[in-house]
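Here is how the chains run, residue by residue.
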Amino acid sequence: MGVYEEKKETCGTICLKYLLFSFNFLFWSDYISLLSSKTYAASAYILVLAGAIVMVTGVLGCCATFKEQRRLLR
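Residues numbered from 1 in each chain as written. Predicted model: local features only at pLDDT ≥ 70, side-chain atom pairs only at ≥ 80, totals over all residues. Heavy atoms only, no water.

**Details of the overall build of the chain**
Okay, so step 1: Along the chain, the regular secondary structure elements total 3 helices and 0 strands.
Okay, so step 2: Mapped from its N terminus to its C terminus, the chain presents α and β elements in the order α-α-α.
Okay, so step 3: Within the chain, buried positions represent 1% of all 74 residues.
Okay, so step 4: For the chain, the accessible area works out to roughly 7700 Å², and carbon and sulfur atoms hold 70% of it. (Helix = DSSP H or I, 4+ residues; strand = E, 2+ residues; numbered from the N terminus. Buried < 20%, exposed > 50% of the residue type's maximum accessible area, 1.4 Å probe, protein only. Areas by Shrake-Rupley, 256 points an atom, 1.4 Å probe, with all protein chains shown as cover.)

Structure follows, in structure tokens:
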């Protein structure tokens, strides 16, 4: 108990890790030009707003379930 066992990485996991890294690097370098555009900023704000709406809806759903209020669940 409490003994740390080192996990051995197989050849497949190592290859996948470096393949994922290389794909991320290649695609990231293509999209770096979008950072200064207005479309990037607008899409970021839209995604933050959508996340906030989902979060508020989730909290309201949890509160409605906890208090057993059918109106709030609808």
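**Remarks on the state of the cysteines**
Okay, so step 1: For the structure on display, the rule yields 0 disulfides.
Okay, so step 2: C15 carries a free sulfur, and the closest cysteine sulfur to it, the one in C11, is 3.9 Å from it.
Okay, so step 3: Taking relative accessible area as the criterion, C15 reaches 47% and is therefore assigned partly exposed.
Okay, so step 4: Free of any disulfide, C63 has its nearest cysteine sulfur in C62, 6.9 Å distant.
Okay, so step 5: With relative accessibility at 37%, the residue C63 sits in the partly exposed group. (Disulfide = S-S within 2.5 Å.)

**A short note on the UniProt feature "transmembrane region" (unreviewed entry) in the chain**
Okay, so step 1: Here the UniProt-annotated "transmembrane region" (unreviewed entry) positions come out as residues 12-32 and 44-66.
Okay, so step 2: End-to-end, the C-alpha atoms of residues 44-66 are 33 Å apart, and along that stretch the chain is 100% helix and 0% strand. (UniProt positions renumbered as here; feature names shortened; annotations may be inferred.)

**Section: the environment of G61**
Okay, so step 1: Mapped onto the elements, G61 comes out in helix α2 (residues 38-67).
Okay, so step 2: Taking C-alpha positions, G61 is 7.3 Å from L72, a pair spaced 11 residues apart along the chain.

**Considering the confidence of the model for the chain**
Okay, so step 1: Predicted confidence across the chain gives a mean pLDDT of 82, with 89% of residues reaching 70 or more.
Okay, so step 2: Between the elements of the chain, mean pLDDT differs from a low of 76, seen in helix α3 (residues 70-73), to a high of 89, seen in α2. (pLDDT = per-residue confidence, 0-100.)

**Things to note about α2**
Okay, so step 1: End to end, α2 covers 44 Å across 30 residues, agreeing with the expected 44 Å (1.5 Å per residue, within 8%).
Okay, so step 2: One or two steps after α2, the chain reaches E68, where phi turns positive at roughly 55°. (Expected span 1.5 Å × (residues − 1).)

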